[in-house]
Structure formats: structure tokens, C-alpha cells
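Residues per chain, in single letters:
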Amino acid sequence: MNTRAVPEPEKLNIAILGGGIAGLSLAIALANHPLINTTIYEKTLELKEIGASIALGPNGLRTLERLGLSDVIDDENGFRGTGTAGMVYRHWKTNEVIGTHVHADVKEWLHQTTRFHRGHLHGKLVEHVPRDSIKLGKNVIGIVMDEKGVTVNFKDGSKAWADIAIGADGLRSGVRQALVPKFKLKWSGLTAFRSVFDKSLVESIPDLPEDSAHWWGPDTTFFSSRLGRNMYTVVGGVTVDPDDQDARFKDVSWDDEGDVEVLKEVYKNWNPVVKALTKVTPSIRYHPNFSCSAPLDTWVFGDRITLIGDAAHAHGGAFATGGSLAIDDAYALYLSLKSVFSLSAARKPPAQEIRKALKLYETTRKPHAERLLKVVHAGNTAKIDMIRNEIIETDEQLRERAARGSNTGWLHEHDVMKAFDEALRFSQKNDGKEEVLPRL
Ligand SMILES: Cc1cc2nc3c(=O)[nH]c(=O)nc-3n(C[C@H](O)[C@H](O)[C@H](O)COP(=O)(O)OP(=O)(O)OC[C@H]3O[C@@H](n4cnc5c(N)ncnc54)[C@H](O)[C@@H]3O)c2cc1C
């Protein structure tokens, strides 16, 4: 009898650079592939519950459910309100409902827009990743690719090697900056004031809406919502001309401690519910809004590196879609890698096959992200024009705008699997020609 063991196929090593929402989602998706080893390299020393509120739309929620993560998105961890509308717009002065955004095709309760404390969403994702595959205190400072793989250099002097490296290091991605040195982020002029606190603080406010609410005013907005795990959030903000040298908040940094008196002052003439919310808010943090000045030309670098999440498309958090986009990027990348490296493959894919998978991922996601970036840039430009020309929206215009809503069904209900299938068909038809991206 022949007792010689069949050699195990060699595993594909993937280094995920950044352990935020995108990096964790990718590690969870790739764990479904028995021949892939992933390691997350995260710069922070501890995975703490930091951040304020974050929303997931039907797109990201469906993907997390597909990945078997119902506990991450359940009603304990997140808040869905009555689940009847993705967003309710209210009038800044009268508190009337002046518009709603209802999802066109969302039948499942779990897929209704859900709001979380970012720390709770992140913390639950972490529970699904084997602890020994997350290396903390690993601040990426350089990345070198050759024909065999990628070497990642860390600030502590150590190095790691992988077949593929994925930049998942967020809005201010160092990986992206190393690959595209001319890339620039631009301040939109908006500085958000965010706070998350215990829900008990708002319980005695008369007429407080049960659902999340977005009050629209002539020059700013105010958002409030219950979150999972008995938390509550408020988000206000001020937009100024970003090119004005004396602009208010010009010098604040992301997550700086703010002055709660500023929140009260900005909303002092708003309706009693908003005013009451500003009065119970214990503290705020400032979050200046940055997005890319232009989209990246490519998301694929050589044969072995790509970007996901905010690193790939720095859209500045518009339409509260950054979390869902990151999750769908991760899933599209998993599907793309699987298309060149089946679950029972006998050998690791060669470099050109890896590149093919990365280009397939890019074809699936980049046109979608660019559509969003176009909307974001147009909105930012229009807002700045209004400020520069001192144009104040009339009450009638404001009501009309709210009644029209933000028309974002294409974004929040985007089907990443359908987009992937279309991209796959396109790439098979074009057989290796990479130049043209389809308009999905
Ligand atoms: C601390 C924090 C708090 C946030 N709070 C909110 C919030 O309240 N509301 C909201 O809507 N969005 C918030 N965001 C942004 C939001 O998570 C993202 O917009 C979105 O989820 C996309 O996820 P991402 O994984 O691409 O980026 P992120 O979630 O930003 O994750 C990027 C990860 O990469 C790590 N990283 C960065 N540089 C390096 C490096 N050089 N080496 C290794 N690792 C690196 C970061 O520490 C982080 O863990 C926050 C992000 C962070 C990092």
C-alpha cells in the first residue's frame, strides 16, 4: 500500500494593513477560503471602543448577513427604529416631518438602515477574527513589491512578507500615499460636532422622535438617533469657506475635544427638541470633513497590492455610507480572489492571476465609488458657492429639497454580488484587456 502523504497545497498569504471596518470584514470573508492565510497589521496598541455613531445601509447589512454575522447587526448591537424609513427629514424650526427616505426594495427587518456606536460595530467584528491573526502596534511605514511578493515595513523596525498586501488603513492611508504620492485630501469646510452618550440622558425630552431624525436648516443640519446598547448620538456641524484663511475651525483636527457651548450656540434658535438635545449633550468632539480632491486613477498597484475602504475612495463619510462601502469592498475582493483561486485549488495563483483578480475587484467597485465621489464633489462645490455668494436658501426651497430627498437608493441598496457578476462577465468577454471599465 502506498502510504506517502499528499502534500498540502501551499497557502496564499494576505497582509491586511489596517484593522478597521474594511480590514476586519476582509479577514472574515477570506476565512471562508481554506487556502488563504490572513494577518491584520494594525497600528494601534489596543482595539478600544472608539469613535462615535456609524450607520449601515441595506447594502452593508446584507453583506454582513451573507458572511454569517447576524449577531453583529442584530437589534441589541444596532438600532433600527420603527424600520419604516432609512431617514426622516424634519424642519429645523417647526420640527415637522418634511421628507423621508424609504428604501425601495428592502423586505427583511435585518436589512433596514441600522445605527451603531462605531466601537460596538467594530468590537463585534473583532470577535469573528482569530485573535492571533491580528498584530497590534504595527504601524506600516513602507511597502516594497517584487515579483515574488510584498514586504511590509513597520515603524518598530520589523518586517512582514506576504503574497498580497491590502491597504485598509482608512481615510489618511499611508499605504495609498506611498503608492500615489501626489494624492491629496481636501477639507470640505464642514466640521462636524459628534457625541455619543447614554440614552437615559434624553428620556425626559418632550416630543423626542422615536426614529432617527435629520433636521434640515437653511445653513446646517442636526442629526440625532438612538443607537444599539442603550446609547444615543447627536451630530451637528458648521460649514465655512475652506479657503478663507480666518475660517472658524480651520485648525481643528479629527477627534479633537470640542466645546459643548459651541453646539448650544449654533442651534440656539432651532426648535425645542433640538435645543433640548444640545442641552443634555455632555461633550462633543470635532470631526473636520476631508475627502479626496480627485479619485485615484487605479486601485491596483503592480500584481500584488490594492486598497479597500476609505483608503480606496476617500469620500468623507457623505450619506453615512463609509462603513457599508468598506464592507462591500471587502466582499467584492474576496469574490474576486476566489475567482482565480478556487477553494480546492492545487497551487497558489501566479502573479498575473492575482493581478487579474485585483482588476476584477477594481472593475466591480471603482465605478460605483466614483459615482459617489462625483455627487460628493458637486455637493461640496455647490455649498461653498452658496457661502461665497451669501445665498441663503428660502424656506420654500428647503422644504422642496427635503421632499425630493437625497435620492440615494442606488447607493444604499447597491447589490455588490450583482455588480461582481457583471464585472466578471465583462472581464471574461474582454479576456485580459484591462483598459476599459464598464459603467455599472
Ligand atoms: C478611531 C476611528 C473612529 C471612527 N469613528 C467614526 C464615527 O464615529 N463615525 C463614522 O461614520 N466613521 C468613523 N470612522 C471612520 C469609519 O470607520 C470609516 O469611514 C469606514 O468604516 C471605512 O472603514 P475603513 O476600514 O476603510 O477605515 P477605518 O475604519 O478608519 O480603519 C482604518 C484602520 O487602519 C488603521 N491604520 C491607519 N494607519 C495605519 C498604519 N500606518 N498602519 C497600520 N494600521 C493603520 C487605523 O488605526 C484603523 O484601525 C472612524 C475611524 C476610526 C479609525
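Bear in mind that the values here come from a model prediction, so they are computed numbers and not experimental data. Per-chain numbering applies: the sequence of each chain, read as written, is numbered from 1 onward. This being a predicted model, a pLDDT of at least 70 is required before a residue's local features are given, and a value of 80 or more before pairs of side-chain atoms are given or counted; all residues contribute to the totals for chains, interfaces and linings. Neither water nor hydrogens contribute to the side-chain values; these are computed over all heavy atoms in the structure.

Draft legend 1. Up close: the sheet that holds strand β1 (residues 12-17). The sheet built from six strands is open, its strands ordered β7-β2-β1-β11-β19-β18 with mixed pairing. Only two strands of the sheet have a single partner each, and these edge strands are β7 (134-135) and β18 (300-301). A pair of strands is labelled paired if DSSP reports no fewer than 2 bridges between them. Note on conventions: DSSP H or I runs of at least 4 residues are helices, E runs of at least 2 residues are strands, and numbering of each starts at the N terminus. The sheet contact formed by strand β11 (residues 164-167) and strand β19 (residues 305-307) spans three bridges and is parallel. Following the sheet pairing, Gly-167 is matched in β19 by Leu-307. The strands that helix α1 (residues 21-30) touches are β1, β2 (36-41), β7 and β11; relative to β2, the one it contacts most, it runs at about 165 degrees. Whether two residues are in contact is decided by their heavy atoms, any of which lying within 4.5 Å being enough. Interaxial angle, 0 to 180 degrees, is taken between N-to-C directions of lines fitted to C-alpha atoms, where a helix line uses only the stretch in contact.

Draft legend 2. Quick look at the site of the ligand. For this description, a residue counts as near a given molecule or strand if any of its non-hydrogen atoms is within 4 Å of it. Neighbouring residues of the ligand: 28 residues in total, closest Glu-42, Ala-52, Ser-53, Arg-118 and Asp-310. In this structure, an oxygen atom belonging to the ligand sits 2.6 Å away from a side-chain N or O atom of Glu-42. Among the secondary structure elements, those contributing two or more residues to the shell around the ligand are α1, β3 (53-56) and α7 (322-340). Top contributing element to the shell around the ligand by residue count: α7, with three residues. In this classification, Asp, Glu, Lys and Arg are treated as charged, Ala, Val, Leu, Ile, Met, Phe, Trp, Tyr, Cys and Pro as nonpolar, and every other residue, Gly included, as polar. Partitioning the shell around the ligand into residue classes produces 10 nonpolar, 11 polar and seven charged. Pairing of N or O atoms within 3.5 Å defines a polar contact, subject to two protein rules: one partner must be a possible hydrogen donor and the other a possible acceptor, and residues neighboring in sequence count only if both atoms are side-chain atoms.

Draft legend 3. How the structure looks around the pattern of salt bridges. What makes a salt bridge here is a side-chain nitrogen of Lys or Arg within 4 Å of a carboxyl oxygen of Asp or Glu, nothing more. All chains considered together, the criterion is met by 23 salt bridges. Across the pair Glu-127 and Lys-124 runs a salt bridge whose closest N-O atoms are separated by 3.5 Å. A simple rule labels every residue: compare its accessible area, found with a 1.4 Å probe on the protein chains alone, to the largest value its type can have, and call it buried under 20%, exposed over 50%, or partly exposed in between. Judged by relative accessible area, which is 57%, Glu-127 ranks as exposed. When salt bridges that share partners are traced, they join Lys-186, Asp-241, Asp-243 and Arg-388 into one network.

Draft legend 4. Looking closely at the UniProt feature "transmembrane region" (unreviewed entry) in the chain. On the UniProt side, "transmembrane region" (unreviewed entry) is annotated at positions that read residues 12-31 here. Summarising residues 12-31: 50% helix, 30% strand, and an end-to-end C-alpha distance of 12 Å. UniProt positions are given in the numbering used here, feature names are shortened, and annotations may be inferred rather than shown by experiment.

Draft legend 5. Representation of the sheet that holds strand β4 (residues 87-91) within the structure. In space, the eight strands of this open sheet follow the order β5-β4-β13-β14-β15-β12-β17-β16, with mixed pairing throughout. Here the strands that pair on one side only, and so sit at the sheet edges, are β5 (97-101) and β16 (256-257). Inspection of the sheet shows β16 paired to strand β17 (residues 285-292) by two bridges, in the antiparallel sense. Note that in β17 the partner of Asp-256 across the bridge is Tyr-286. Of the strands in this sheet, β13 (213-216), β14 (221-227) and β15 (231-239) are in contact with helix α6 (residues 272-280), which crosses β14 at around 65 degrees.

Draft legend 6. Broad picture of the side chain of Lys-138. Considering the arrangement of structural elements, one finds Lys-138 in the loop between β7 and β8 (140-145). Not counting residues up to four positions away in its chain, the partners in contact with Lys-138 are Tyr-41, Glu-42, Lys-43, Phe-154, Asp-156 and Ser-158.

Draft legend 7. Representation of the side chain of Asp-211. By secondary structure assignment, the location of Asp-211 is in the loop between β12 (185-198) and β13. Of the side chains bearing the opposite charge, Arg-115 lies closest to the buried Asp-211, which forms no salt bridge; the N-O distance is 7.0 Å. There is a polar contact of 2.7 Å between the side chain of Asp-211 and the backbone nitrogen of Thr-82. Here the positive residues are Lys and Arg and the negative ones are Asp and Glu; neither His nor the chain ends is included.

Draft legend 8. Up close: helix α11 (residues 416-430). A helix is expected to span 1.5 Å for every residue after the first. Counted at 1.5 Å a residue, the expected span for α11 with its 15 residues is 21 Å, and the 21 Å between its end C-alpha atoms agrees. Three or more residues of α11 are buried, namely Val-416, Ala-419, Phe-420, Ala-423, Phe-426 and Asn-430. One side of α11 holds all its buried residues, which, seen down the axis, span an arc of 125 degrees. Across from the buried face of α11, at angles greater than 90 degrees, the exposed residues are Lys-418, Arg-425, Gln-428 and Lys-429. Each direction from the helix axis to a C-beta atom contributes to the arc, which is the arc of those directions.

Draft legend 9. Structural context of the pairing of strand β10 (residues 159-162). Alternating residues of β10 divide into Ala-160 and Ala-162, all buried, and Lys-159 and Trp-161, none buried. Relative to β10, strand β9 (residues 150-154) runs antiparallel, the two sharing four bridges. Note that in β10 the partner of Asn-153 across the bridge is Lys-159. Between β9 and β10, which pair antiparallel one after the other, the connecting turn spans four residues, and Gly-157 there sits at a positive phi close to 95 degrees.

Draft legend 10. Looking closely at unusual backbone geometry. The phi dihedral of Asn-230 falls on the positive side, at around 60 degrees, and the residue is not glycine. Turning to its location among the elements, Asn-230 is positioned in the loop between β14 and β15. Within the chain, Phe-249 stands out as a residue other than glycine whose phi angle is a positive 65 degrees. Within the element layout of this structure, Phe-249 appears in the loop between β15 and β16. When its relative accessible area of 11% is taken as the criterion, Phe-249 is described as buried.

Draft legend 11. Geometry of the packing of aromatic side chains. Pairing of aromatic rings covers Phe, Tyr and Trp, the last through its six-membered ring, and needs centres within 6.5 Å; plane angles under 30 degrees mean stacked, over 60 mean edge-to-face, and all others mean tilted. Under the criterion given, the structure shown has 12 aromatic pairs. Taken together, a centroid distance of 4.5 Å and an interplanar angle of 45 degrees make the contact between Tyr-89 and Trp-216 tilted. Taken as a pair, Tyr-89 in strand β4 and Trp-216 in strand β13 lie far apart in primary sequence, 127 residues in all. Here Tyr-89 matches Trp-216 in class, with each residue buried.

Draft legend 12. Highlighting the environment of Ser-225. Along the chain, the position of Ser-225 falls in strand β14. Given the relative accessible area of 1%, Ser-225 is considered buried. Each C-alpha atom, one on Ser-225 and one on Gly-60, is 19 Å from the other, the two residues being 165 residues apart in sequence. A distance of 2.7 Å separates a polar atom in the side chain of Ser-225 from a polar atom in the side chain of Ser-212.

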